[in-house]
Amino acid sequence: MAADVLQAAWGALPYVLHGLPYTLGISMAGLGGGFLLGVLLGLAGLGTWLWRAPALLYVEFFRGTPLLVQALFLFYGLPQFIGRPIGPLTASVLVIAMNAAAYIAEIVRGAMISISPGQREAGLALGLSLVQVYLWVIWPQAFRRMIPGLGNQAITSIKDTSILSVIGVGELVRQGQVYIATTFQAFEVYALIALLYLAITLGFSALLRHTELRLQRRGGL
Amino acid sequence: MSLFVSVNHLNKCFGPQPILRDVSLEVPLGRVMVIIGQSGSGKSTLIRCINGLETFHGGSIRVGEVLLEPGRQDGRRLRQVRRQVGMVFQHFNLFGHLDAQHNITMPLQRVLGLGRREAEDRAVALLEQVGMLDHARQYPAQLSGGQQQRLAIARALAMEPRLLLFDEPTSALDPEMVGEVLAVMRDLAHSGMTMIVVTHEMGFARNVADEVVFLDKGVILEHGSPEVMFNAPRQPRTRAFLSRILSSH
């Protein structure tokens, strides 16, 4: 029995692995875009109401609606409205980026406000401009505090790409579904897919811990 | 003897609460002024107005050639003031992500535009001056309070300010570390640095100050030479404050 399961999973592996580049590619592109947008939103969240209000709206909207609905809306809904299709890959990267950005914005904002006001005052008193203070004093210290939160979000987003199977992107889950449709080996294939995600996220966690340790050794905080 | 700082009829409030009322003072170049008074009397707020970390509501402050007026300050003018005025904080406020040497070189490079070598040379000289050369590669979190404050003084000095503000520089230190910081400050005063010092260290005020100002509830109640202020204060509130603080030390 166990040997059969292993054999079935082994047999499915090559087909399922075709989805790996999509899962990894969409995750990385989505997180990269999400980080840039998230940083901008997080910084806007530190500004006056004029900056804060749109950032807050964005965060609340994307945090408060299901990723599944966002993906379906972007891929099936929005093309009806704008009158031309959005490719599944484009839609995938966009939806992961926009969703991650909402969470990353809060991670960025939280880390920035956790830096003591004394740091800002010391920078200003030395003659740095406000922009220089943010760039050279607050950001480097805040970034270290963002790492655990960003790591969390990266792992969440990697797993979130599984939802994109509903818009027909051939990532891991979608590949598995197609394979199961002809072989009916749901048990083996879904177990295999779960293990593949676990391998990716565990590898990522290890990388993250290594980075944190290295930063810690480099001093301070 | 040329005047470097003059504060004229300064008024400041937080909401309805007045913090500084009609405060005027003058500091000539090369002189040391010590401001004393109870917690909450407005001492820190007063010196923070001088380098624009606080805004004020009435009066004016002249620092060198630059005039600060009530309300939000023009950024360029603030930068002109801060180029000439250094500040040492109660909690040091060293940059936690930079080692001792880079705490000094970063502002030298970013503000004064010095090259890396030049900035490093200056940092090394200043670390030596405050007895911190052996700790150049250490991060603030690895230093004692006294070492951190000496480093903070070096960082401020590196910018070659004409005036140094000290905001209770020894209040956050363990007692055994107060002496090393006061020694550095005393050397500075003797070298001719213009200083305004908010402190509870009455020994320092008595021995180093040229003028002592007693601030009470946002008002300068009395000021004069340390001899007069410590031996023959005229105001009963000054006498009460001094006897309280001297008996507690």
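Conventions and cut-offs
- Residues numbered from 1 in each chain as written.
- Chains lettered and ligands numbered in written order.
- Predicted model: local features only at pLDDT ≥ 70, side-chain atom pairs only at ≥ 80, totals over all residues.
- Heavy atoms only, no water.
- Helix = DSSP H or I, 4+ residues; strand = E, 2+ residues; numbered from the N terminus.
- Rg over C-alpha atoms; globule rule 2.2 N^0.38 Å.
- Contact = heavy atoms within 4.5 Å.
- Areas by Shrake-Rupley, 256 points an atom, 1.4 Å probe, with all protein chains shown as cover.
- Lys, Arg positive; Asp, Glu negative; His and termini not counted.
- Charge placed at Lys NZ, Arg CZ, Asp CG, Glu CD.
- Salt bridge = Lys/Arg side-chain N within 4 Å of Asp/Glu carboxyl O.
- Buried < 20%, exposed > 50% of the residue type's maximum accessible area, 1.4 Å probe, protein only.
- Axes fitted to C-alpha atoms, helices over the stretch in contact; angles between N-to-C directions.
- Left-handed = near helix turned anticlockwise from the far one by under 90°.
- Nonpolar A, V, L, I, M, F, W, Y, C, P; charged D, E, K, R; others polar.
- Buried area = accessible area lost by both parts, 1.4 Å probe.
- Patch = residues over 30% accessible without salt bridge, like charges linked within 9 Å, V, L, I, M, F, W, Y side chains within 5 Å.
- Pairing = 2+ DSSP bridges.
- Right-handed = clockwise from strand over helix to strand, strands pointing away.

A.B. asks: Go over the overall build of chain B with me, naming the residues and quoting the values.
C.D. replies: A tally of regular secondary structure across chain B gives 9 helices and 10 strands. Relative to a compact globule of 249 residues, whose C-alpha radius of gyration would be 18 Å, chain B shows 18 Å and is just as compact. Overall, the C-alpha framework of chain B stretches about 55 × 45 × 35 Å when taken along its three principal axes. Look at the contacts in chain B between residues 6 or more apart in sequence, and 63% of them connect residues 24 or more apart. Per element, the accessible surface of chain B, about 10700 Å² overall, is 46% carbon and sulfur. Side chains of chain B carry 27 positive and 25 negative charges; the gap between the two charge centres is 6 Å.

A.B. asks: Would you mind going over the pattern of salt bridges in detail, with residue names and values included?
C.D. replies: All names here are of chain B. Throughout the structure, instances matching the rule amount to 11 salt bridges over all chains. Arginine 122 is paired through a salt bridge with glutamate 160; the nearest N and O atoms lie 3.9 Å apart. Of this pair, arginine 122 sits in helix H4 (residues 116–129) while glutamate 160 sits in the loop between helix H5 (145–158) and strand S7 (163–167), and the two are 38 residues apart along the sequence. The exposure class assigned to glutamate 160 is exposed, which follows from its relative accessible area of 55%.

A.B. asks: Help me get a handle on the packing of helix H5 (residues 88–113) of chain A against helix H7 (residues 130–160) of chain A, residues and values and all.
C.D. replies: Residues and elements named next belong to chain A. Orientation of H5 relative to H7, taken along the N-to-C sense of each, is 145°, at an axis distance of 8 Å. For the pair H5 and H7, the sense of crossing is right-handed. Note on element contacts: H7 touches H5 through Tyr134, Ile138, Trp139, Ala142, Arg145, Met146, Gly149, Leu150, Gln153, Ser157 and Asp160, opposite Ile96, Asn99, Ala100, Tyr103, Ile104, Ile107, Val108, Ala111 and Met112. Of the residues in the contact of H5 with H7, the class split is 14 nonpolar, 4 polar and 2 charged.

A.B. asks: Provide a residue-level description of the interface of chain A and chain B, including the pertinent values.
C.D. replies: With 21 residues of chain A at the contact, the number on the chain B side is 21 residues. Summed over both partners, the interface of chain A with chain B comes to about 1900 Å²; 62% of that surface belongs to carbon and sulfur atoms. Sorting the residues of chain A by area buried against chain B places A:Ala125, A:Leu126 and A:Trp136 first, and these three jointly supply 31% of that buried surface. The tally of links from chain A across to chain B stands at 1 salt bridge. Note that A:Glu121 and B:Arg48 form a salt bridge whose closest N and O atoms lie 2.8 Å from each other. Of all the elements in the fold, those that place two or more residues in the side of chain A that touches chain B are helix H6 (117–125) and H7 of chain A. Broken down by element, the side of chain A that touches chain B gets its largest block of residues, 7 residues, from H6(A). Here the residues of the side of chain A that touches chain B sort into 9 nonpolar, 9 polar and 3 charged.

A.B. asks: Explain a nonpolar patch on the surface to me, using residue names and the numbers behind them.
C.D. replies: All names here are of chain A. Judged by side-chain polarity, Leu68, Val69, Leu72, Tyr76 and Val166 come together as a nonpolar surface patch covering roughly 400 Å² of accessible area. Secondary-structure assignment places tyrosine 76 in helix H4 (residues 67–82). By relative accessible area, tyrosine 76 is classed as partly exposed at 46%.

A.B. asks: Account for the sheet that holds strand S8 (residues 194–198) of chain B, with residues named and values stated.
C.D. replies: Across a sheet, strands are paired by hydrogen bonds formed along the backbone, either parallel or antiparallel in direction. Residue and element names in this part refer to chain B. A sheet is described by the order of its strands in space; here 6 strands give the open sequence S6-S7-S8-S3-S9-S10, paired in mixed fashion. Where the open sheet ends on each side, the last strands, each with one partner, are strand S6 (85–88) and strand S10 (219–224). Neighbour-to-neighbour, the strand axes of the sheet open up by a mean angle of 20°, direction not taken into account. Where S6 and S7 come together, 4 bridges link them in parallel fashion. Bridge assignment links valine 85 to a residue of S7, and that residue is leucine 163. The strands touched by helix H2 (residues 75–84) are S6 and S7; relative to S6, the strand with the most contacts, the crossing angle is about 70°.

A.B. asks: Describe the pairing of S8(B), listing the residues and the values that go with them.
C.D. replies: Residue and element names in this part refer to chain B. Among the 5 residues of S8, 5 are classified as buried, and the element is accordingly described as predominantly covered. Burial of the side chains of S8 extends over both faces: Thr194, Ile196 and Val198 are buried on one face and Met195 and Val197 on the other. Two strands pair when backbone bridges link them, and strand S3 (residues 32–36) and S8 are joined in this way by 4 bridges, in the parallel orientation. Its bridge partner lying in S8, valine 32 is registered against methionine 195. Relative to S8, S7 is paired through 5 bridges, and the arrangement is parallel. Note on S8: the bridge partner recorded for leucine 165 is isoleucine 196. Regarding topology, helix H6 (residues 175–190) serves as the crossover connection from S7 to the parallel S8, and that connection is right-handed.

Shape descriptors only; they carry no functional weight alone.
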